Amino acid sequence: MVILENTKRQLKFRHRPYSLWLGTTGWMVGTFWLILLIYHQLMWLTYVLWIPPLLLLSLVASGLVLILAGRVVICHFDKDYNSFTIKRHGLLNTKVIWHSLADVLDVQLQSPSWHHQETADYQITLFLKSGESLKLNFGLKSIAQKLETLNLIRGFLGMPPEKWG
């Protein structure tokens, strides 16, 4: 996650899923080289009918993961326009979610499980007046980074900071 702008009037974050991009690209390149190895060095494996389709299926599946899940997320809080925007930009499309800042009731760390532990995977969640909740995924790993980002958003919105524990 990168903070693109942090002023009194604007707060903007960007998350690029580099680890997903690198992992998927590595998987695709590795599968491609495995296909070349099979066809040039181990020709007898081409007679096993399930290996070539399996390798091609692997290439297609990793390509789909790269296209569908490898989106750049930009979250923009703007006091000038009284709005916040979440823009998810992928290779094929861009999805934009827009809400008024007045619609935000609270911003909290939320655990997806019932067990509230130090090791649980907490997510920054915006709670709206409509009852909807929006999870913000900035690719942050540690609870300290998530709490720091949460308090940055809460401070921008004029809410008191949250403490952990």
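You'll find the structure just up there.
Residues numbered from 1 in each chain as written. Predicted model: local features only at pLDDT ≥ 70, side-chain atom pairs only at ≥ 80, totals over all residues. Heavy atoms only, no water.

With that out of the way, let us pick up the sheet that holds strand β8 (residues 133-136). Hydrogen bonds between backbone atoms are what pair the strands of a sheet, whose relative direction is either parallel or antiparallel. Taken in spatial order, the 3 strands line up as β6-β7-β8 in an open sheet, and their pairing is antiparallel. Where the open sheet ends on each side, the last strands, each with one partner, are β6 (104-110) and β8. Sheet twist, expressed as the mean angle between neighbouring strand axes with direction ignored, is 25 degrees. Note that β6 and strand β7 (residues 123-128) share 6 bridges and pair antiparallel. Bridged to Gln110 within β7 is Gln123. Contacts from helix α3 (residues 143-156) reach β6, β7 and β8, with the element oriented near 170 degrees to β6. (Pairing = 2+ DSSP bridges. Helix = DSSP H or I, 4+ residues; strand = E, 2+ residues; numbered from the N terminus. Axes fitted to C-alpha atoms, helices over the stretch in contact; angles between N-to-C directions. Contact = heavy atoms within 4.5 Å.)

Moving on to the packing of helix α1 (residues 18-40) against helix α2 (residues 51-69). Two numbers describe how α1 lies on α2: the axes approach to 9 Å, and their chain directions differ by 160 degrees. In terms of axis orientation, α1 runs roughly antiparallel to α2. The handedness of the crossing between α1 and α2 is left-handed. Within the contact between the two elements, α1 uses Leu20, Trp21, Thr24, Thr25, Trp27, Met28, Thr31, Phe32, Leu34, Ile35, Ile38 and Tyr39 and α2 uses Ile51, Pro52, Leu55, Leu56, Ser58, Leu59, Ser62, Gly63, Val65, Leu66 and Ala69. In terms of residue class, the contact of α1 with α2 is built from 17 nonpolar, 6 polar and no charged. (Parallel < 35°, antiparallel > 145°, perpendicular 65-115°, else oblique. Left-handed = near helix turned anticlockwise from the far one by under 90°. Nonpolar A, V, L, I, M, F, W, Y, C, P; charged D, E, K, R; others polar.)

This paragraph deals with the pairing of strand β3 (residues 72-78). Along β3, 6 of the 7 residues are buried, which leaves the element largely enclosed by surrounding structure. With 6 bridges connecting them, strand β2 (residues 10-15) and β3 associate as antiparallel partners. Each residue of the ladder has a partner; that of His15, found in β3, is Val73. Pairing analysis gives 7 bridges linking β3 to strand β4 (residues 83-89), with the strands arranged antiparallel. Note on β4: the bridge partner recorded for Phe77 is Phe84. Taking the residues between adjacent antiparallel strands as the criterion, β3 and β4 are bridged by 4 residues, where Asn82 takes a positive phi near 50 degrees. (Buried < 20%, exposed > 50% of the residue type's maximum accessible area, 1.4 Å probe, protein only.)

What follows is about α1. Taking 1.5 Å as the rise per residue, α1 with 23 residues should run 33 Å; its terminal C-alpha atoms sit 32 Å apart, in good agreement. Within the span of α1, buried status applies to Thr24, Thr31, Ile35 and Ile38. Looking at the buried positions of α1, the neighbouring elements they touch are α2. (Expected span 1.5 Å × (residues − 1).)

This part is about the sheet that holds strand β1 (residues 2-6). Taken in spatial order, the 5 strands line up as β1-β2-β3-β4-β5 in an open sheet, and their pairing is antiparallel. The sheet terminates laterally at β1 and β5 (94-100), the two strands that pair on one side only. For this sheet, the mean inter-axis angle between neighbouring strands, taken without regard to orientation, is 10 degrees. Inspection of the sheet shows β1 paired to β2 by 4 bridges, in the antiparallel sense. Note that in β2 the partner of Val2 across the bridge is Arg14.

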